[in-house]
Amino acid sequence: MVESPLVKTLLTTSAPEAAEFLRRGELVAFPTETVYGLGANAFDAAAVERIFVAKSRPADNPLIVHVASIGEVARVTREITPLADRLIGAFFPGPLTIVLPRSADVPDIVTGGLETVAVRMPRHLVALELLGAAGFPLCAPSANRSGRPSPTTWSAVIDDLGGRIACVLQGKATEIGLESTVVDARGDEAVILREGGLPAEEIARVARVRFPAAGEEAPASPGTRYRHYAPSAQVRRVVNPEEVRASRDAAFIGFHHPKGAAEFARCRVVADAAEMARELFAFFRECDANAVRTIYAELPAEEGIGRAIRDRLERAERR
Ligand code: AMP
Ligand code: MG
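Residues numbered from 1 in each chain as written. Chains lettered and ligands numbered in written order. Predicted model: local features only at pLDDT ≥ 70, side-chain atom pairs only at ≥ 80, totals over all residues. Heavy atoms only, no water.

**As for the overall build of the chain**
Then step 1. Along the backbone of the chain there are eleven helices and 15 strands.
Then step 2. Dimensions of the chain along its principal axes, counting C-alpha atoms only, are 55 × 50 × 35 Å.
Then step 3. Expressed as a percentage of the 319 residues in the chain, the buried residues total 55%.
Then step 4. In the chain, of all internal contacts separated by at least 6 residues, the share reaching a separation of at least 24 is 67%.
Then step 5. Separation between the mean location of the 39 positive side-chain charges and that of the 42 negative ones in the chain comes to 3 Å. (Helix = DSSP H or I, 4+ residues; strand = E, 2+ residues; numbered from the N terminus. Buried < 20%, exposed > 50% of the residue type's maximum accessible area, 1.4 Å probe, protein only. Contact = heavy atoms within 4.5 Å. Lys, Arg positive; Asp, Glu negative; His and termini not counted. Charge placed at Lys NZ, Arg CZ, Asp CG, Glu CD.)

**Observations concerning the sheet that holds strand β8 (residues 167-169)**
Hydrogen bonds between backbone atoms are what pair the strands of a sheet, whose relative direction is either parallel or antiparallel.
Then step 1. A sheet is described by the order of its strands in space; here eleven strands give the open sequence β1-β8-β2-β3-β7-β4-β6-β5-β9-β10-β11, paired in mixed fashion. For this open sheet the edge positions go to β1 (10-12) and β11 (209-210), each flanked by a neighbour on one side alone.
Then step 2. Seen against the sheet, helix α7 (residues 154-161) touches β1, β2 (28-30), β3 (37-41) and β8 and runs at an angle of roughly 165° to β8. (Pairing = 2+ DSSP bridges. Axes fitted to C-alpha atoms, helices over the stretch in contact; angles between N-to-C directions.)

**Remarks on empty space enclosed by the protein**
Space left empty within the atom packing is revealed by a probe, the size of a water molecule, rolled over the atoms.
Then step 1. For the coordinates displayed, the defined rule picks out two cavities of 30 Å³ or more.
Then step 2. Of the pockets and cavities examined, the second largest cavity occupies roughly 40 Å³.
Then step 3. Forming the walls of the second largest cavity are T181, I192, E195, G196, L198, P199, A200, G304, I305, R307 and A308.
Then step 4. Counting residues per element, the lining of the second largest cavity draws most heavily on helix α11 (residues 305-317), which supplies three residues.
Then step 5. Here the lining of the second largest cavity is composed, by residue class, of six nonpolar, three polar and two charged. (1 Å grid on protein atoms, 1.4 Å probe; cavity = no way out; pocket = protein on both sides within 12 Å on 5 of 7 lines; lining within 4 Å. Points joined across faces, edges and corners; volume = space filled by probe spheres on them. Nonpolar A, V, L, I, M, F, W, Y, C, P; charged D, E, K, R; others polar.)

**Let's talk about the nonpolar core**
Then step 1. Among the nonpolar cores identified, the biggest contains 44 residues, and L38, L87, L96, I98, I165 and I203 are the most heavily contacted of them.
Then step 2. Aside from chain neighbours lying at most four places away, what touches I203 is L87, F91, L96, T181, V183, A190, I192, L198 and V209.
Then step 3. Grouped together as the second largest cluster of nonpolar side chains are 27 residues, I176, A233, M276 and L313 included. (Core = buried A, V, L, I, M, F, W, Y, C linked by side-chain atoms within 4.5 Å.)

**A look at the side chain of E298**
Then step 1. With respect to the helices, strands and loops of the structure, E298 is situated in strand β15 (residues 294-298).
Then step 2. Of the side chains bearing the opposite charge, R310 lies closest to the buried E298, which forms no salt bridge; the N-O distance is 9.6 Å.
Then step 3. Polar contacts involving the side chain of E298 include one to the main-chain amide nitrogen of F255, which spans 2.8 Å.
Then step 4. Setting aside residues up to four positions removed in sequence, E298 forms contacts with V238, V239, P241, F252, I253, G254, F255, H256 and M276. (Salt bridge = Lys/Arg side-chain N within 4 Å of Asp/Glu carboxyl O. Polar contact = N/O pair within 3.5 Å; in protein donor to acceptor, adjacent residues only side chain to side chain.)

**Section: the environment of A200**
Then step 1. Position of A200 among the secondary structure elements: in helix α8 (residues 200-204).
Then step 2. Accessibility expressed as a relative area gives 11% for A200, which makes it buried.
Then step 3. For A200 and G304, which are 104 residues apart along the polypeptide, the C-alpha to C-alpha distance reads 7.0 Å.
Then step 4. Setting aside residues up to four positions removed in sequence, A200 forms contacts with I192, V209 and F211.

**Observations regarding helix α6 (residues 125-134)**
Then step 1. Listing the buried residues of α6 in full gives A127, L130, L131 and A134. Viewed along the axis of α6, the buried residues span an arc of 95°, placing them on a single side of the element. Across α6 from its buried face, at more than 90 degrees, point the exposed residues L125 and G132.
Then step 2. Among the residues trailing α6, G135 stands out with phi positive, at a value near 85°. (Arc of directions from axis to C-beta.)

**Overview of the pairing of strand β9 (residues 181-184)**
Then step 1. Both faces of β9 are covered, namely the face carrying T181 and V183 and the face carrying V182 and D184.
Then step 2. Judged from the four bridges that link them, strand β5 (residues 96-101) and β9 form a sheet pairing that is parallel. Pairing of I98 across the sheet is with V183, part of β9.
Then step 3. Relative to strand β10 (residues 190-194), β9 runs antiparallel, the two being bridged by three bridges. Each bridged residue has a counterpart across the sheet, and for D184 the counterpart in β10 is V191.
Then step 4. Hairpin connection from β9 to β10: five residues lie between these consecutive antiparallel strands.

Geometric values such as these leave the question of function open.
Here you go:
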C-alpha cells in the first residue's frame, strides 16, 4: 500500500470552498446524518484512489456513492428495480444505502470490481450543499483510518486523517452516530447486508426484508469481512451490568449504573439506544485517548437501532 503524502488540511465551514478541492481531485471530509464521510469525485478514478491511500483501506472494500438528488441515482446505476423505487420513495434522503447494478460510468475502483454499486442520498443539509456545489456524485466511506471507529465529529476526523486529506468541511456532531443501513435491492426482497441507521423494522413497512444466509453476506458485501468500528481497547459485551467489575483501566457504557461506577476510568450511562448509537464511537475514541484497556458495553434490546449497535459491538469485540 502506498504511504499517504503529507498535506496541509484546511478546516472550513464553506461548502463552495470545499467543493473546489473536490473539483481538483482532492479529498474532503464532510458531515452526514450517520457519520463523517471522506468524499472524492466518484467519476474520477485517481481521486478515488486517494481515499484508499488516506484510509489505508483494502482495495476490495467498495465505496458508497453519495448523490445530491433522487434523480441522480440513475447516473450511477444501470437499472432501478421496482423494489429500489419503493425504497427510494420511502427513505431517500436518509440513512439507507441501496445496492443496484452499476452504470458503466462508475470506475472499477469505486466498486472493488463488483458489477453492483452502493448508492445513498444523505439528508444532512451540509452534505447536500457540498454535493450540490460539486455537481458530481461523491464516493465517501467513513472518514476514519481503516479499522478504527467511524468519526462522529470533525475533530475525530482530524485525529485520524489530519495531514492526509486536503479539507474538512466542519459541521456539528452527527445525529445518528452509526453508518447507513446497506440493502441489496436487485431482487424483490430487501436483503440487509449491513444494519445501520435505518432500522430493519422500518424497511419492513414497505418491502419484504430478509437477512443473508450464512456465507452469502461476505461475497455480497466485502466490507463486512474486515475488522471494523473497533477501539484499541478490548470491548466486552455485557448483558447484566451488575456482573461487571469496576477498575481504573476499564470503562463502561450502558443503560444502568454499574456497581462502583466512580472506579471506572470512564462511565457513561445513556437513556436509550438512540443515545448509545450517537455516543458510542466518540466514547470508544475517548477511552483510547485515556489508555482504557477494557470497555464494557451493555447490550441494547434487539430492536430498532439496537440491532445495529449490537452488530458494531460484536465486530468490535472480535479480534
Ligand atoms: P463504509 O463506507 O466504510 O461505511 O463501508 C461501506 C459498506 O458498504 C461496506 O460494508 C461495503 O461492503 C458496502 N458496499 C459498498 N459497495 C457495495 C456493493 N457494490 N455491494 C455490496 N456492498 C457494498
Ligand atoms: Mg467505514
